[in-house]
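# Survey of secondary and tertiary structure
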Amino acid sequence: MIRPCIAVWLLLAASAAAQTTGGISGRIVDTQSGKPVAGAAIVAASPSMPGEESSRSDLEGEFEIGLLPPGIYTLNVQAEAHQSFTQDGLAVHAGRTIRVYLSIDPETAIGAPFRFAQEPPVLPATSAQTGAVISREQLELVPYGRDQRSFEAAAASAPGVLPRPPGLEILGSPASGTRYRIDGLDVTDPASNRQGRRLVQQFIQEVNVESAALGASYGRVAGGVVQAITRSGGNEVHGSAFLDWMPIELPRRTLRYNLAGGAELGGPLARNSLWFYGGFAPVLMATRSGVLTEYQYIGKLTWRPAQGQLLSLAAITDDFSLHYLGDVLDRTAQVEAVTGWHRQGSDADSVQARVQVAHLAEIFGRHRFAWGAEGVRDSAANSSRWYGGAFAEDTWSPVQNLFLDGGVRLERDDLIGKTDFLPRVGVAWDFSGRGVSRAYAFLGRFFESPELASQRRTREHQLAAGVQSQIFRDVVAGLDYVHKDFRDAPDGRTSYDGATLSLAKPFSASSLLQASYTLSSLEGPRTLAADAPNVIKLDAAYAYEWDARTTATLGTSFRVIQGSPWQATMDVRAGVVRALTNPYVLTVTADVLNLFDRERGGTPPLAGRFSARLSF
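We now examine the sheet that holds strand β1 (residues 22-30). Think of a sheet as strands paired side by side through backbone hydrogen bonds, with each pair either parallel or antiparallel. Taken in spatial order, the three strands of this open sheet run β4-β1-β7, and their pairing is mixed. Looking at which strands have only one partner, the edges of the open sheet turn out to be β4 (62-68) and β7 (97-104). Taken over all neighbouring pairs, the strand axes of this sheet differ in orientation by 20° on average, direction set aside. Looking at chain direction, β1 and β4 are connected through five bridges and run antiparallel. Directly across from Gly22, in β4, lies its bridge partner Leu68.

Structure (structure tokens):
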């Protein structure tokens, strides 16, 4: 009775998609005949998830496992009259479903002396949605953030994302259209539409930037979503103590230093059932005028009461949330829901509830039907509003490797007093047939949610198209194009056209790379300060194993942005990782921020930062 009780309570109390989980889909075939293998049992396991999740292949050999917390997964496949097969190293990220093609040997097959590993996909080949993922390894190796190493600083590494006061602009959209989330809870300030909650990178598992071709499950957005996924406990106790200190800016014009330190700890209360995670970090910024102090904390419990059921309760500084993932109705439906409260200062808050339900079906091909709803009450000072949204969408695969997505969203904001109809359609084609490539196109309509002090909001029509492919192992090359038409933008912008050439490699084989060049045009009735016709970004890192106990690391973040004036900045991080007495590891890093010491366009001067972390 626990499954239907939990689901019914959340469907009544919650009222779209939290997008904090990912998935793995794919096809299983016989190695010798090439025919699909039906009835195969597929089990997914990861250190990021208590227990295991499973599925079975259908008559076409197709399977899908959803609601997977971000992490590295291993798939074990077993089928009648076939040898068992294991595929590891599958990286699952929030809001993305990767597709794998697995071939398994019949029982009678004679094993070869060795077998080439199948290429793990890193692309979301079944969707038109685009964005970027900044992993925990990338956060540790590349310097992001100056006064504070918070999660949103890393989002600026994504193609098309530019830091523009008072926030981040994504692919030409105003900063007011960017929404910020932590574990599915919207932490955007309801009074100003700015980022309302910061969290140090030491508590973060990954940062996701959803930048274009967002499906009907995304609401209150006319730009993109920046989301932090926090760390969780595990079956092994882990933790760390850390310190970040920026003692100097050159030339030193005023007395100033930044200091952040703290500790975090996670582990099991009951293996594969109940996990805990907690952390505390005071953040100080001192100048001649005084010291600004912020106390950040996180507390998290993850409970797996039964197979296919997961509950997570979190407190992050002044925010509280309850998150549910589960298979209901005899595993015919998958539910993801979140309800919570975001507190902004002393006089603003946002009470939220969202739910998404997905069903799989076979009707002239494979379908994934999804529907959901959300309700939000924002308040600040003497102003308040209710917002409600509902959506329905279908991802249909009429033939293998082709995925058509169509959906519609209804939104009602009582501050505006209107109900908006937002259709969105997309198509994705995996032209490799192995889940390692895609060509896509998208057309959709978006509205941002206005700040409480104003009824003005940006309206956006978006067209996106592109092609991406893994050209070598996990190296992905892409060419993407976005066109946007704006109405009622705060600075009068009317349209945006941008083309991005990108190359990305997640951290593997001791290195990572994320490079992009964006050529764009932002139009309006006058010259716009936000226009950046040429943007070059390069993030890279390398780890060198000095000996069995010592690793040296080097990472850099390089930017060239055409504006008024041009800006060129480079940040560098050098570090040493030393294994001490088991299980302790000491990491020491030194950052040089704005290495070129160019202060044009408001860029802060040259600075140095030192960091240390003792982990186990």
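There's plenty left to go through after this.
For the chain, the mean per-residue pLDDT works out to 91, and 94% of the residues sit at or above 70. Per-residue pLDDT stays below 50 along residues 1-18; that stretch engages in 46 contacts with residues further than four places along the chain or on separate chains. Every residue in residues 112-117 scores below 50 in pLDDT, and together they form five contacts with partners more than four places removed in sequence or on other chains.

Glancing now at unusual backbone geometry. Cis geometry marks the peptide bond from Pro165 to Pro166; its omega dihedral reads 15°. With respect to the secondary-structure elements, Pro166 resides in the loop between β9 (161-164) and β10 (167-170). Geometrically, the link from Asn582 to Pro583 is a cis peptide bond, its omega value of 10° lying close to zero. By the secondary structure assignment, Pro583 is in the loop between β34 (567-579) and β35 (585-593). The backbone of Asn272 sits at a positive phi, close to 60°, despite the residue not being glycine. At Leu329, a position not held by glycine, the phi torsion is positive, near 55°. Tracing the backbone shows Leu329 in the loop between β20 (319-328) and β21 (333-344).

What follows concerns the sheet that holds strand β2 (residues 41-45). Judged by pairing direction, the sheet is antiparallel, and its four strands sit side by side in the order β3-β2-β5-β6 without closing on themselves. Strands with a single pairing partner mark the edges of an open sheet, and in this sheet they are β3 (52-56) and β6 (85-92). Strand-to-strand, the axes of this sheet are offset by a mean angle of 25°, without reference to chain direction. Two elements, β2 and strand β5 (residues 71-78), share five bridges in a ladder whose sense is antiparallel. Opposite Ala45, over in β5, you have Thr74 as the bridge partner.

Here we take up the packing of aromatic side chains. According to the stated counting rule, one finds eight aromatic pairs in the structure shown. Pairing Phe280 with Tyr295 gives two aromatic rings, centres 6.2 Å apart and planes at 10°, and the pair type is stacked. Taken together, the residues span a long stretch of sequence, with Phe280 in strand β17 (residues 274-287) and Tyr295 in strand β18 (residues 290-303) at a distance of 15 residues. Arg220 extends its terminal NZ or CZ atom over the ring of Tyr387, reaching a point 4.9 Å from the ring centre.

Here we take up empty space enclosed by the protein. When its volume is computed, the largest cavity comes out at roughly 140 Å³. Lining the largest cavity we find 15 residues, and of these Gly160, Leu162, Gly172, Tyr496 and Ser520 sit closest to its centre. Within the residue set of the lining of the largest cavity, elements represented by two or more residues are β9, β10 and β31 (511-523). Here the element with the most residues in the lining of the largest cavity is β31; it accounts for three residues.

Now for the pattern of salt bridges. Once their charged atoms are close, side chains differing in charge can pair, the charge on each being opposite to the other. By the definition in use, this model includes 31 salt bridges. Note that Asp491 and Arg493 form a salt bridge whose closest N and O atoms lie 2.7 Å from each other. A salt bridge links Asp539 to Arg559, with the shortest nitrogen-to-oxygen separation between them at 3.2 Å. One end of the pair, Asp539, is in strand β32 (residues 534-547); the other, Arg559, is in strand β33 (residues 550-561), and 20 residues separate them in sequence. Given a relative accessible area of 10%, Arg559 falls into the buried group.

In this structure, Phe151, Phe203 and Val226 are the most contacted members of the largest nonpolar core, which totals 54 residues. At four residues, strand β13 (residues 204-212) tops the list of elements feeding residues into this core. Not counting the four nearest positions on each side in its chain, Phe151 is found in contact with Arg181, Ile182, Gln195, Arg197, Arg198, Leu199, Gln201, Ile204, Val207, Val226 and Ala228. Listed in part, the 21 residues of the second largest apolar core include Met49, Phe63, Ala79 and Phe85.

So, how was this worked out
- Residues numbered from 1 in each chain as written.
- Predicted model: local features only at pLDDT ≥ 70, side-chain atom pairs only at ≥ 80, totals over all residues.
- Heavy atoms only, no water.
- Pairing = 2+ DSSP bridges.
- Helix = DSSP H or I, 4+ residues; strand = E, 2+ residues; numbered from the N terminus.
- Axes fitted to C-alpha atoms, helices over the stretch in contact; angles between N-to-C directions.
- pLDDT = per-residue confidence, 0-100.
- Contact = heavy atoms within 4.5 Å.
- Phe/Tyr/Trp six-rings, centres within 6.5 Å; stacked < 30°, edge-to-face > 60°.
- Lys NZ or Arg CZ within 6 Å of the ring centre and 35° of its normal.
- 1 Å grid on protein atoms, 1.4 Å probe; cavity = no way out; pocket = protein on both sides within 12 Å on 5 of 7 lines; lining within 4 Å.
- Points joined across faces, edges and corners; volume = space filled by probe spheres on them.
- Salt bridge = Lys/Arg side-chain N within 4 Å of Asp/Glu carboxyl O.
- Buried < 20%, exposed > 50% of the residue type's maximum accessible area, 1.4 Å probe, protein only.
- Core = buried A, V, L, I, M, F, W, Y, C linked by side-chain atoms within 4.5 Å.

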